[in-house]
Each structure stands twice: as C-alpha cells, then as structure tokens.
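# Geometric and topological summary
Residue strings, one per chain:
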Amino acid sequence: MARDPRYDVLFTPIKIGPKIAKNRFYQVPHCNAMGYTEHHGDVAHRRMKAEGGWAIISTEQCSIHPSSCAAPYGERRLWNDYYAEQLRGWVDTMHEYGVLAAVELVHNGLGFSNRKTKEFPLGPSANMVHYNWDPIMAREMDKADIKEFRRWQVEAAKRAVNVGYDIVYVYAGHDIALPQHFLSPHTNHRTDEYGGSVENRARLIGELLEDTKEAVGDKAAVALRLAVDENRGEHGIRWQEEGQAVVEMFSDLPDLWDVNISDWAEDSATSRFADEAYQEPYVAFVKQKTDRPVVTVGRYTSPDTMISQINRGITDFIGAARPSIADPFLPKKIEEDRNEDIRECIGCNMCVAAENTSSLFRCTQNPTAGEEWRRGWHPETIEAKGSDDGVLVVGAGPAGLECARALGMRGYTVHLVEAEPEVGGRVARESALPGLASWGRVRDWRVSQIAKMKNVEVHTGTRLSAQDVLDYGAETVVVATGSRWRGDGVAYTNAHAIPGSEGKKVFTPDDVMGGAALEGPVVVFDDDHYYMGGVIAEKLRAAGHEVTIVTPLMELSRWTEYTLEMEKIMSRVLSMGIELITDHNIAHIGDNSIEIYNVYHEETRRHLSYQSLVLATSRLPEDALYRALSAAPEKLEAAGIRTLARVGDCVAAGTIQHAVYEGHRFARELDAGAIADVPYRVEEVRLERASA
Ligand code: ADP
Ligand code: SF4
C-alpha cells in the first residue's frame, strides 16, 4: 500500500561524503552482547535490520588496538587482519541489501582496564579507569603515545575500507572513548597543547578526523560520533561550550555528525526517566553549525516525531539502536503504510542489561532478538501450523498474549481466556506505576495484532477452573496464569518467613497495585532488587505518605545497574524525600514498629515505627490450575487434550522479557518435534584460528 506522503521525507536519499544513503533510517552503533565471540549471531541480527529497510547499519564499538580491550565483553576488534577478515562477511551481508556499512572505531582510553591484554590503560592524564572500580590508573599519554594512537586509528581505518566499510567513525562518546577523555575538562588535566583551552582539548579530535579522511580517501565517508554534553555541569563537556566549539571548529571536516549525550546511561535513558526525543535540547544546535548531515537518537518509534525532527531541522537521519532492536522492520512498516504494526520499544533496557551481564542478547518487545542465528527465528515470519488442533491459552499477561499472537500467526485457532476484565496481566498493573506507562506497549501491540486475526478469539472476565478447561474442547492447552508477590518476605536475604509478616499491616506490591488503602508512615522493604521496591515507594510518596525504604544491599534496586537506572533511581527517591536505609534486614515485624539490623553487624538493632509495610521481595507461580490438570492425565485424555503446557511466570516468575520470550518459544515449537530436539546452535571459538 502507498504510504502517507507526509512520511516521504523519511525515504529521501541523502549524500554522506562519497556515499549515498537510500533513506533516513540509521542504525547507529550499538553493542548486542555478541560481537566477535558470537560473530554469526551478530551478523544475523544486523541482517534482519538490513532486510527491514535501514539505510545504514553500524557495528558496535570496534577496538583499534590491544591497549583498548573491553573484556569481559566480546566487543568487535580490528586489531589485525584476522579480525578484519571476520568483518568482511558482515559488510558483504549489508551490501546484499544495498545498506551502507559503518564501523565505529574506538580506543576506549579510560573506559576499560584491559583485563585480558594486561596493557596499561591510556588517558590524557593519570586518571582512574572508569570500569567497575578496577584499581588501576591510566598512563598519561606523552607525545609519542599520541602519535602511536593516531597510527592505530589510521591502520584500523585502512583495514576497515579494505573489507568494504562505507562509513568509518572517529568516536568521542559515551565516556568510553579516548578523544572524549581528551575533550572533557573532567578527565583532561594536561598543560601542553592538548590540554587547557577547548581548542587544545579538541586538538586530537581534529587530528584524528584529518588522519582518518586521508586513510580512507574516497572509498568511505568519515563520521564523528561526539558526546556534546556529559551532564556534569562545568566539570564536564557542556553543549553550550565544548559541544558548540567542536562543531564550529570542525564543521565540514567530517562527512557526518553523529551527536548524542554521555554517558551510556544518559544516551540510553529508559522510559522511566526520559521521553521520546529527549536529546533534542542538547543536539538541536548542531545542524545550525554545519552543512554536513547529522544523525541523532532519542528512542524514536513514532513516525510523526521522526518527520517533526527532520522537518524542524534537528536531524537528517533517524538514528536508532533500541527501536531497531524492538522492530528491525520499522522502516519497511512506515514505507508500506503499516505504522500500526510497529513494535515500539518500551525503553526498559533489558537489551542493555544483556550486554552488561554478558548474556545472550534479548529484548522485551522482540523475542526473536539474539535468536536470528541461534534458533533461526525471524521477527516477521513464522512456520505455518503443524496440526489442526485448537488451542486454549489461559491467562492474557505478556506470556499468554505473545503465545496467542504467535500461534495465531501460524494459523492455529486460538482462544485466549483471561480472568480479569482487561487483558495484560502484570503489564496492565505495572504500567500504571510511576514512570512505567510505556511498558503498556507490550500489551497494546499484541492486542492490536491479535485484533486483526480472525482465528484468535479473546475472552475477558472469565476465570477458568480445571473442569472448565477439560470441558473447553481444545486439543492444546497453554496455562499462562502468572505469579503473585509473596507476603512472607522470603527472598534473597530471608530463607524463611519474616516473623510477624502475617500481620494486618503487611502488604505486597500486588496489594498496592490493586488499590489497597495504606496508612503512613510506610516502610518498603526491597529484597527483590529490580525496580519494584523503588517504584512502589515513589507511588506511595507521591500519594503523600512518609516513606522509608529498607534494603539489605548497599544500593536500592541493585540490579538496575545493568539497565543503567540505579543511580537515577537512587537520586530520584532521595530527591522525593524518601528515607533510604541500606544494608539492613528486618528481624521482626511488630504491631507498631519493625525491628531492623545491619546485615554486616547484627548486634546493631533499632526500631522503625510504621503503619504499613510493603514487602517487595519475591514471587510465587500461580500454578494451581496447571498442577490440577497435570495431576490427572486420564482426564486430559478423556477430554481430548493432547498437549498441556505452561509458559511464563506460572513456571518461574521472571521479567516481562522472560514471559514474552517463553510464550513465543512455545508458539514456535508446538508441533515442531525436530526443532524441539535441536533447540539451538552454539557458537564456539576455534582454537587454531583464535591463535592465528
Ligand atoms: P505472565 O507474565 O506469565 O504473562 P501475568 O501474571 O502477567 O503472567 O499474567 C497472568 C494472567 O493470567 C493474569 O492476567 C491473570 O488474571 C490470568 N489468570 C490467572 N489465572 C487464570 C484463570 N484460571 N483463568 C483465566 N485467567 C487467569
Ligand atoms: Fe526497547 Fe526494552 Fe527491547 Fe531494549 S529490551 S529494545 S529497551 S523494548
């Protein structure tokens, strides 16, 4: 179908140095926890985006030298021809689709401590390295080091064009790149011609641009990825100072400006802390100062926001990392006038957490992310059904919704039955919590897709018993009944119920989300360590209660370090006037007070008075229905039920991402015995080649 002409601007070609991009969709450099160690997985992941219509696709950061080693992460490298040859196939894949291939050359400087290569980190000054408080300083680079660094960039750039890259980066962003460390007053304390004034601190960026342009000639364009602001005030890069100065100084020197804010937590802000297009105030000046094309990011998923950004002269390209992960086919869908099919990123940063925990890549919205090669999953297509069985899915949370949607795509006749008046399960409840509204997209996208399917029926307000299921008449039954927060406090720290937890003033997050009337002062106990404790505290504080958070760890919401949110959560709750007591466990819950103690010094006991206590600890599967059905195989047989399965939180409570993934996986594997027997491929490093 022809698209709305308002969106034509998104499909106008544009020149970048000697290259032409076919449209305005630009997958900016982003890591995907695969890199050089899971090369095939990485290529297959990027291939989906090439198929999905992106004009430019970039690698993740690609190290130019062993003195920049990102271990334990398997980030790409261009240290020598071996790594270059590995990337040749990557480039060829992009070219098959007419996509421009970009490579983000990097020297991490202070960003990593070179755990595997044992080389000294390099920095503009003798700074601490930034990675995980590793107790090592950078060596202050002398003139010979700077010369060497420039040579490494040139050699890597030559290798890159040799294997066919169309765009080669100079990278000064995210607080993990040496040229940014030189630019920032935070890290550059030099007194020579590379320190002091902005001109001096920017000198290295200019030299690298000149060097790289000379190295690639007319074979490739040169892009500068620049952090225009570090959100450190006068102690760091500010867009009004260093940002503007650099763009003015080198205005038309790079063939493309890729601009954003630093560090990664600022650039990849979650939806809890930033709305779509949140970088505009920082980067809007760039296009005023250069004739070269500009790309920016901002978790763009709305075509109207995209055209507004271009039409108002903020950017030339719609840069995306997360939106391209959640929907690799985003450009195609706009091009084909299928905007309602866009699977919008929810801004949860589970993809980022995969990188930060060295896990296999994953995405909450797109269960096929990271599985393109391993399981051969395609985000837009799926095998046709393997039988004419009717399917009953019980429970319409993220697992049930995704399972029903994917089975519907396969052509099965599916009935999705939900006890509550509305579908969505935990997503419906949690998206009403402060800052989590975008999470509702997990439900909304699936509901809109299912609505188009004649073979999928949704029934709400119907709680099914085991007998109801037996009487239903479906040959396949999938139980997706979710989980509930437990009320006894058992979790990481307490293996047994906290004494007094049966009291009337003790609540769970489910109670709070269900609208229970709490009286203050309120104590929230966080022994879950993801988002729930903090977000419940925010909700209760916003309702006017005096709120204290108690947690046995040193930080609130400890796991959100991986989603880049922990520091923001800590500062938000403190700025809201919530008291935070870390390192403490609850010994006993009394009628009017709670006895707490320091987990490192148990003798230190004190009492907190309270009127309501919320235990954000752990969850239990709601698996009574599954257990009742599976306990009576003869009844299943008599009812004609050939397959009984359970998916999502009713198996083991996890993240929304886990639930969507498991719902999808069941749908893929139903009636596909061969696939189930060989669940996935494993990438292994070949020792003889690794040592070459
Ligand atoms: P998940 O994350 O695994 O999808 P959720 O807790 O989000 O789990 O969703 C489970 C859904 O199942 C909830 O909306 C709940 O109301 C529904 N549910 C639970 N038991 C039944 C039942 N017996 N019949 C129908 N729906 C049920
Ligand atoms: Fe977006 Fe979350 Fe998917 Fe990342 S994991 S792409 S933030 S939906």
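Rules used in this analysis
- Residues numbered from 1 in each chain as written.
- Chains lettered and ligands numbered in written order.
- Predicted model: local features only at pLDDT ≥ 70, side-chain atom pairs only at ≥ 80, totals over all residues.
- Heavy atoms only, no water.
- Core = buried A, V, L, I, M, F, W, Y, C linked by side-chain atoms within 4.5 Å.
- Buried < 20%, exposed > 50% of the residue type's maximum accessible area, 1.4 Å probe, protein only.
- Contact = heavy atoms within 4.5 Å.
- Pairing = 2+ DSSP bridges.
- Helix = DSSP H or I, 4+ residues; strand = E, 2+ residues; numbered from the N terminus.
- Near = heavy atom within 4 Å.
- Polar contact = N/O pair within 3.5 Å; in protein donor to acceptor, adjacent residues only side chain to side chain.
- Areas by Shrake-Rupley, 256 points an atom, 1.4 Å probe, with all protein chains shown as cover.
- Nonpolar A, V, L, I, M, F, W, Y, C, P; charged D, E, K, R; others polar.
- Phe/Tyr/Trp six-rings, centres within 6.5 Å; stacked < 30°, edge-to-face > 60°.
- Lys NZ or Arg CZ within 6 Å of the ring centre and 35° of its normal.
- Domains from an automatic or database assignment.
- Buried area = accessible area lost by both parts, 1.4 Å probe.
- Salt bridge = Lys/Arg side-chain N within 4 Å of Asp/Glu carboxyl O.
- Lys, Arg positive; Asp, Glu negative; His and termini not counted.
- Expected span 1.5 Å × (residues − 1).
- Axes fitted to C-alpha atoms, helices over the stretch in contact; angles between N-to-C directions.
- Parallel < 35°, antiparallel > 145°, perpendicular 65-115°, else oblique.
- Left-handed = near helix turned anticlockwise from the far one by under 90°.

Ranked by size, the top nonpolar core spans 73 residues in total, and within it Leu10, Leu226 and Trp257 carry the most contacts. Setting aside residues no more than four positions away along its own chain, Leu226 makes contact with Ala172, Leu183, Ile205, Val246, Val247, Trp257, Asp258, Val259 and Asn260. Core analysis: the next-biggest nonpolar cluster, separate from the first, contains 34 residues, Trp485, Leu518, Ile549 and Met566 among them.

Ordered by their spatial adjacency, 5 strands build an open sheet running β19-β26-β20-β21-β22, and the pairing between neighbours is parallel. Edge positions in the sheet fall to β19 (506-507) and β22 (579-581), since each has one partner strand and no second. Pairing of strand β20 (residues 522-526) with strand β21 (residues 547-550), which is carried by 4 bridges, proceeds in the parallel orientation. Opposite Val524, over in β21, you have Ile549 as the bridge partner.

Near ligand 1 you find 22 residues, and of these Ala399, Glu418, Arg426, Leu464 and Asp649 are the closest. Within the contact set of ligand 1, a nitrogen atom lies 3.0 Å away from a backbone nitrogen or oxygen of Ala419. Residue Asp649 places a main-chain N or O atom 2.7 Å away from an oxygen atom belonging to ligand 1. Expressed as a share of its isolated accessible area of 580 Å², the protein-covered part of ligand 1 is 93%. Taken together, the residues of the shell around ligand 1 sort by class into 9 nonpolar, 8 polar and 5 charged.

Turning our eyes to something else, we now look at the packing of aromatic side chains. Evaluation of the coordinates by the stated rule reveals 17 aromatic pairs. Seen in terms of ring centroids, Phe112 and Tyr131 are 5.2 Å apart; in terms of plane orientation they differ by 45°. Their pairing is tilted. Within this pair, whereas Phe112 is found in the loop between β6 (100-106) and β7 (122-123), its partner Tyr131 is found in the loop between β7 and β8 (139-140), the two being separated by 19 residues in sequence. There is no split in this pair, since Phe112 and Tyr131 are both buried. The ring of Tyr610 carries the charged tip of Lys505 above its face, separated from the ring centre by 5.5 Å. Above the ring of Trp485, the side-chain terminus of Arg619 is found at 5.3 Å from the ring centroid.

This part takes up the site of ligand 2. Around ligand 2 there are 13 residues in total, and Cys345, Cys348, Asn349, Cys351 and Cys363 lie nearest to it. Among the elements of the structure, α10 (322-326) and α12 (350-356) are those that each provide at least two residues to the shell around ligand 2. It is α10 that contributes the most residues to the shell around ligand 2, 3 residues altogether. A breakdown of the residues in the shell around ligand 2 according to their chemical character gives 8 nonpolar, 4 polar and 1 charged.

Domain parsing of the chain yields domain 1 (5-356), domain 2 (390-482 + 622-669) and domain 3 (495-619). Spacing between the C-alpha centres of domain 1 and domain 2 amounts to 40 Å. Contacts between the two partners involve 12 residues from domain 1 and, on the opposite side, 13 residues from domain 2. Approximately 1000 Å² of surface area, both sides summed, lies buried where domain 1 meets domain 2, with 55% of it carried by carbon and sulfur atoms. When the area that domain 1 buries against domain 2 is broken down by residue, the three leading residues are Arg343, Ile346 and Met350, summing to 43%. If you look at where domain 1 meets domain 2, you find 3 salt bridges. Measuring nitrogen to oxygen at the nearest pair gives 3.1 Å for the salt bridge that ties Lys452 to Glu340. At the boundary of domain 1 and domain 2, one finds 5 residue pairs in polar contact (both at pLDDT 80 or more). Counted by class, the side of domain 1 that touches domain 2 contains 5 nonpolar, 2 polar and 5 charged residues.

Summarising the element assignment, Asp583 is placed in the loop between β22 and β23 (584-589). This buried residue, Asp583, is left without a salt bridge; Arg558 holds the nearest opposite charge, at 9.3 Å. Those residues in contact with Asp583 that sit more than four places away from it in its chain are Thr551, Pro552, Leu553, Met554, Tyr597, Asn598, Val599 and Tyr600.

So, on to unusual backbone geometry. The step from Ser262 to Asp263 runs through a cis peptide bond, and the omega angle for that step is 5°. The residue Asp263 is located in the loop between β11 (256-261) and α7 (264-267) in this model. Geometrically, the link from Gly520 to Pro521 is a cis peptide bond, its omega value of -5° lying close to zero. Within the secondary structure, Pro521 is located in the loop between α17 (509-513) and β20. Despite not being glycine, His529 has its phi angle at roughly 75°, a positive value. Following the sequence through the fold, His529 ends up in the loop between β20 and α18 (532-542). With phi around 60°, Asp671 is a residue other than glycine that occupies positive phi space. Within the secondary structure layout, Asp671 lies in the loop between α22 (656-669) and α23 (673-677).

Moving on: helix α2 (residues 81-96). In a regular helix each residue adds 1.5 Å, so 16 residues correspond to 22 Å; α2 covers 23 Å between its end C-alpha atoms and thus fits that length. Along α2, the positions that sit buried rather than exposed are Tyr83, Ala84, Gln86, Leu87, Trp90, Val91, Thr93 and Met94. Among the structural elements, α1 (39-51), β4 (56-63), β5 (76-77), β6 and α3 (143-162) are those in contact with the buried residues of α2. Two or three places before Tyr82, at the opening of α2, Asn80 has a side-chain oxygen 3.1 Å from that residue's backbone nitrogen.

This part covers the packing of helix α5 (residues 198-216) against helix α6 (residues 239-249). Closest axis-to-axis distance for the α5/α6 pair is 10 Å, and the angle between their directions is 55°. Regarding the angle of α5 to α6, the classification is oblique. Helix-helix and strand crossings are classified by hand; for α5 and α6 the assignment is right-handed. Of the residues in α6, those touching α5 at Val198, Glu199, Arg201 and Ala202 are Glu242, Ala245, Val246 and Met249. Taken together, the residues of the contact of α5 with α6 break down into 5 nonpolar, no polar and 3 charged.

With respect to the helices, strands and loops of the structure, Asp444 is situated in helix α15 (residues 441-451). As for Asp444 and Glu344, which are separated by 100 residues in sequence, their C-alpha atoms are 9.8 Å apart. Within polar-contact distance, the side chain of Asp444 engages the side chain of Arg443 at 2.8 Å.

Further remarks concern the pairing of β4. For β4, the tally of buried residues reaches 8 of 8 residues, placing the bulk of the element in the interior. Bridge analysis of β4 against β6 gives 6 bridges, and the strand direction is parallel. Pairing of Ile56 across the sheet is with Leu100, part of β6. Inspection of the sheet shows β4 paired to β5 by 2 bridges, in the parallel sense. Paired with Cys62 across the bridge in β5 is Arg76.

Spatially, the 3 strands line up as an open sheet ordered β23-β24-β25, and their pairing is antiparallel. A strand with exactly one partner marks an edge of an open sheet, and here the two such strands are β23 and β25 (601-609). Averaged over all pairs of adjacent strands, the angle between strand axes in this sheet comes to 30°, irrespective of strand direction.

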